[in-house]
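# Structure assessment
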Amino acid sequence: QVQLVESGGGLVQVGDSLRLSCEASGRPFSTYAMGWFRQAPGKEREFVGSIRWSGGNTYYADSVKGRFTISRHKVKTAVYLQMNSLKPEDTAVYYCAAHQVGSQDYNRWGQGTQVTVSS
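Structural notes, computed from the coordinates. If you're wondering where the values come from, they're calculated on a predicted model, not measured in any experiment.

### Details of the nonpolar core
Ranked by size, the top nonpolar core spans 28 residues in total, and within it Leu4, Trp36, Phe68, Val79, Leu81, Met83 and Tyr94 carry the most contacts. Listing elements by their share of this core, those giving two or more residues are strand E1 (2-7), strand E3 (18-26), strand E4 (31-39), strand E5 (46-52), strand E7 (68-73), strand E8 (78-83), strand E9 (92-100) and strand E11 (113-118). Beyond its immediate sequence surroundings of up to four residues, Leu81 is in contact with Leu18, Arg19, Leu20, Trp36, Val48, Phe68, Thr69, Ile70 and Tyr94.

In structure tokens form, the structure reads like this:
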């Protein structure tokens, strides 16, 4: 089984930066894409951004464009989320996910890491 291990969350102030990390472990798998999602208190889980594993194409939600950057390390099968100019509305539990080759959608999820932005 594949496990996604996350780190990097914490409590920060408005305008600060954080870098989230997520690394896959366990059974090797073929990756189509990896992404980040978040869920704020009382709200539905929403898409933040993703990166295509083969070519490195990135996609972002409008709410984070220009502030967040996704990158990958293909050997480690790891994905990172650099978050700059953080806002209170960025407060949420952030989840990494893997879209494996052959799957219709993301089918492996991390535990989640809390990001809190205080004003």
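### Some details on the side chain of Asp90
Within the secondary structure, Asp90 sits in the loop between E8 and E9. For Asp90, a relative accessible area of 0% translates into the label buried. In contact with Asp90, not counting residues within four places along its chain, are Arg38, Arg67, Phe68, Ser85, Val115 and Val117.

### Description of the pattern of salt bridges
Tallied over the full model, the rule gives four salt bridges. Across the pair Asp90 and Arg38 runs a salt bridge, and its minimum N-O distance is 3.0 Å. Residue Asp90 is located in the loop between E8 and E9, and its partner Arg38 is located in strand E4; the two are separated by 52 residues in the primary sequence. Of the two residues, Asp90 and Arg38, both sit in the buried class. Across the salt bridge formed by Arg67 and Asp90, the nearest N and O atoms sit 2.8 Å from each other. Within this pair, whereas Arg67 is found in the loop between strand E6 (58-60) and E7, its partner Asp90 is found in the loop between E8 and E9, the two being separated by 23 residues in sequence.

### Some words on the layout of surface pockets
Roughly 180 Å³ of volume is contained in the largest pocket. Split by residue class, the lining of the largest pocket holds two nonpolar, three polar and eight charged.

### Observations concerning the pairing of E1
Burial along E1 is one-sided: the face carrying Val2, Leu4 and Glu6 is buried and the face carrying Gln3, Val5 and Ser7 is not. Taken together, the six bridges between E1 and E3 define a ladder with antiparallel strand orientation. From the neighbouring strand, Gln3 faces E3, where its bridge partner is Ser25.

### Quick look at the packing of aromatic side chains
For the coordinates displayed, the defined rule picks out four aromatic pairs. A centroid spacing of 4.9 Å and a plane angle of 55° characterise the contact between Phe37 and Trp109, whose relative ring orientation is tilted. Pair noted here: Phe37 is in strand E4 and Trp109 is in strand E10 (residues 108-109), with a separation of 72 residues, a long-range link. With relative accessibility at 10%, the residue Phe37 sits in the buried group. Judged by relative accessible area, which is 31%, Trp109 ranks as partly exposed. The ring of Phe37 carries the charged tip of Arg45 above its face, separated from the ring centre by 5.9 Å. A cation over an aromatic ring shows up here: Arg45 above the ring of Trp109, its NZ or CZ 3.8 Å from the ring centre.

The rules behind these values
- Residues numbered from 1 in each chain as written.
- Predicted model: local features only at pLDDT ≥ 70, side-chain atom pairs only at ≥ 80, totals over all residues.
- Heavy atoms only, no water.
- Core = buried A, V, L, I, M, F, W, Y, C linked by side-chain atoms within 4.5 Å.
- Buried < 20%, exposed > 50% of the residue type's maximum accessible area, 1.4 Å probe, protein only.
- Helix = DSSP H or I, 4+ residues; strand = E, 2+ residues; numbered from the N terminus.
- Contact = heavy atoms within 4.5 Å.
- Salt bridge = Lys/Arg side-chain N within 4 Å of Asp/Glu carboxyl O.
- 1 Å grid on protein atoms, 1.4 Å probe; cavity = no way out; pocket = protein on both sides within 12 Å on 5 of 7 lines; lining within 4 Å.
- Points joined across faces, edges and corners; volume = space filled by probe spheres on them.
- Nonpolar A, V, L, I, M, F, W, Y, C, P; charged D, E, K, R; others polar.
- Pairing = 2+ DSSP bridges.
- Phe/Tyr/Trp six-rings, centres within 6.5 Å; stacked < 30°, edge-to-face > 60°.
- Lys NZ or Arg CZ within 6 Å of the ring centre and 35° of its normal.

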